[in-house]
Amino acid sequence: MDYYFSAFFFKVKMIKPIFIIIIVLSLFSQVFAKEVMVWVAPGEKIVLWPNCVKDFRNIPGSDIYRVNVNGSGDDCIKELKKLEKVIFIEEDQQILISDSLLLSAQEPGDICDTSIKDAFVLNALGKGGKIVAAVIDTGISLSMYTSSLKKNFNEIPGDGIDNDLNGYIDDYDGWDFGDMDSDPEDILGHGTQVSSILLNIAPDLMLVPIKVNQSMDTSFSTANAAEAIFYAVAAGVDIINMSFSTKYDSFAINTAVKYALDSGIIVVAAAGNSGADVEFPANMDGVIAVGSFDMSGNPSWFSPIGDSLDILGPGENVCAKGIDGKASQVSGTSFSTPYIAGAAAVLMSMNKYLKPDTIKKILYKGSTDILDPGWDIYSGSGVINTQALTDVATPSIIIPDLVLKGSNLSVEYYLPQTDIITNVFIALIYDNITWWLDSDGKWHRADQIPYSNVIGKTLTDFETNVLFGSNGMFDVINTGSSDPGKYLLAIGIFDKKGDMLAPLGWTEVNIYL
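Residues numbered from 1 in each chain as written. Predicted model: local features only at pLDDT ≥ 70, side-chain atom pairs only at ≥ 80, totals over all residues. Heavy atoms only, no water.

**Things to note about the overall build of the chain**
Point 1. Helix and strand counts for the chain stand at eight helices and 30 strands.
Point 2. Considering only intrachain contacts with a sequence separation of at least 6, the fraction spanning at least 24 residues in the chain is 73%. (Helix = DSSP H or I, 4+ residues; strand = E, 2+ residues; numbered from the N terminus. Contact = heavy atoms within 4.5 Å.)

**Considering the packing of aromatic side chains**
Point 1. Applying the stated criterion across every chain yields a total of 15 aromatic pairs.
Point 2. Between the aromatic rings of Phe230 and Tyr259, the centroid separation amounts to 5.2 Å while the plane-to-plane angle is 35 degrees, which identifies the pairing as tilted. Of the two residues, Phe230 is situated in helix α3 (residues 222–234) and Tyr259 in helix α4 (residues 251–262); the sequence distance between them amounts to 29 residues.
Point 3. Judged by relative accessible area, Phe230 falls into the buried class, the value being 4%.
Point 4. Put simply, the rings of Tyr168, Trp175, Phe177 and Tyr231 touch in pairs and so form one group of aromatic residues. (Phe/Tyr/Trp six-rings, centres within 6.5 Å; stacked < 30°, edge-to-face > 60°. Buried < 20%, exposed > 50% of the residue type's maximum accessible area, 1.4 Å probe, protein only.)

**What about a nonpolar patch on the surface?**
Point 1. Taken together, the side chains of Ile87, Phe88 and Phe251 define a hydrophobic patch exposed on the protein surface, amounting to about 280 Å² of accessible area.
Point 2. Turning to its location among the elements, Ile87 is positioned in strand β7 (residues 86–96).
Point 3. Residue classification places Ile87 among the exposed residues on the basis of a relative accessible area of 55%. (Patch = residues over 30% accessible without salt bridge, like charges linked within 9 Å, V, L, I, M, F, W, Y side chains within 5 Å. Areas by Shrake-Rupley, 256 points an atom, 1.4 Å probe, with all protein chains shown as cover. Salt bridge = Lys/Arg side-chain N within 4 Å of Asp/Glu carboxyl O.)

**Topic: helix α7 (residues 386–393)**
Point 1. Residues of α7 that are buried: Thr386, Leu389, Thr390, Val392 and Ala393. Seen along its axis, α7 keeps its buried residues to an arc of 160 degrees; they face one direction.
Point 2. You can read the cap of α7 off the contacts: a side-chain oxygen lies 3.0 Å from the backbone nitrogen of Gln387, and it is on Asn385. (Arc of directions from axis to C-beta. Polar contact = N/O pair within 3.5 Å; in protein donor to acceptor, adjacent residues only side chain to side chain.)

**Examining the nonpolar core**
Point 1. In terms of nonpolar packing, the biggest core is built from 103 residues, with Ile239, Ile240, Leu347 and Leu363 touching the most fellow members.
Point 2. In terms of residue count, the dominant contributor to this core is helix α5 (residues 333–350) (eleven residues).
Point 3. When neighbours within four sequence positions are excluded, Ile240 is seen to be in contact with Ala134, Ile136, Ile229, Ala232, Ala260, Ile265, Ile266, Val267 and Val268.
Point 4. One finds Val36, Trp49, Cys52 and Val86 within the second-largest nonpolar core, a separate group that totals 15 residues. (Core = buried A, V, L, I, M, F, W, Y, C linked by side-chain atoms within 4.5 Å.)

**Examining the state of the cysteines**
Point 1. On inspection of all chains with the given rule, the structure shows one disulfide.
Point 2. Between the sulfur of Cys52 and that of Cys76 lies a disulfide, 2.0 Å long from S to S. When the S-S torsion is 75 degrees, as for the bridge of Cys52 with Cys76, the disulfide is right-handed. Of this pair, Cys52 sits in the loop between β4 (32–40) and β5 (53–58) while Cys76 sits in helix α1 (residues 74–81), and the two are 24 residues apart along the sequence.
Point 3. We classify Cys76 as buried; its relative accessible area is 3%. (Disulfide = S-S within 2.5 Å.)

**Quick word on unusual backbone geometry**
Excluding glycine, a negative phi dihedral is what most residues carry, and trans is how most peptide bonds are arranged.
Point 1. Residue Pro281 follows Phe280 across a cis peptide bond; omega there is 0 degrees.
Point 2. Tracing the backbone through its elements, the reader meets Pro281 in the loop between β15 (266–270) and β16 (288–293).
Point 3. Positive phi outside glycine occurs at Leu165, with the angle close to 55 degrees.
Point 4. The residue Leu165 is located in the loop between β9 (132–137) and β10 (175–176) in this model.
Point 5. Even without being a glycine, Asp170 presents a positive backbone phi close to 60 degrees.
Point 6. As for its position among the elements, Asp170 is in the loop between β9 and β10.

**Considerations on the environment of Ser219**
Point 1. For Ser219, the location among the structural elements is in strand β12 (residues 219–221).
Point 2. A C-alpha to C-alpha distance of 9.9 Å links Ser219 and Gln93, two positions 126 residues apart in sequence.

**Structural notes on the side chain of Thr358**
Point 1. Here Thr358 shows up in helix α6 (residues 356–365).
Point 2. Judged by relative accessible area, which is 4%, Thr358 ranks as buried.
Point 3. At a separation of 3.2 Å, a polar atom in the side chain of Thr358 contacts the side chain of Gln417.
Point 4. Dropping the residues within four chain positions of it, Thr358 is found in contact with Gln417 and Asp419.

Here it is as structure tokens:
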């Protein structure tokens, strides 16, 4: 079975004259571990295990046991299958990280910008505040991103006790499933690079570091990956980023991912770098499968294709920070994935009521179609576009730019999906005076009749004044009595508490004689 982290190559700075070196870390090989995963019937427990079982433990939150067996394991598996309560057995596979590194020299003085192109545009929607993402990878540099780590305050670090009884001792900073300890410090750098991209898109996002490889090993197991997903769900994350893929299914990972999706978590996965079919687990229903586009806006040559492909993120020469704190250029769908996961975090922080399916719709609608009209197997819904995504998520007023005095002026406005009943406010500003529209279609001067009784807020509570209305078409300005000049219309959507659920939409209209 071919398993691999899906970064294709890294580009790093060197001082020597320009040259190219290809380093292949490892070739795929199938390594049979002496560990098997045993599913039992829901709610059941195995009291008496066969003698061939060396040790076992349950994955918290699941009906799966991780079982270490003596010998080759074949005979023991036969014994385990005889147990009445066992419904499925899967052999654990070692997953070799087989990234190819492309080391390319840069001229002295060259600087790799760690910011993502146009990512700042998304900050109009949000910055990922109060959203938590799990990065299932090689860990995270804890010192570099200490302020962005979601701490487990139910655990007392270093006391050697599982204070919160979640099955993991001292998991204050996350968990290392490779070494089965509470230190998910990144040694290889892949997880730190992925995290740096996430935080460039959503700078206020909080991360739960989950390490799946042992020590400095360039491999991890299906069992570790599956248990990591269950751990992320129990940790209460909103998003799971999985920058790895495989050509073959794993029932353990499949079970864990479905559990995450059923728990309302957004799961984003790298589609792979083979240029062939979208790989597992990105090809699962409900998972956002991310391919890569190049600097020209076209699908990368290594980006997968197929019916499961959802969207393309930037995946060539993307700047990311490594464990040494230095930036380098990296390529592969490993690094396209956190871009999309970060955009999802931004949308979630903008409107906490958005459901996962709605977030996906907004992401896909906010992409640029680059090939066949609509979805296609090469680019999915298209290339993620920060400005288009912002426009889709922002309410707007559709009105002619030029209006003759005395003509009827009607307004139509677009509201993004909010997944909750919202209050819509419309403001008209003219000559520095704000007018607000009530639910009966009457205009009021805000300085004479405040609208705080309508929304529970005063004018000073908002950076910009916005007013009440309803969705649809209706006459809002009698231009026959309006002075010629420039008018500014603003629209905003709020929940019942008065919290804004999207950026304000602004439209300028000029009334002429």
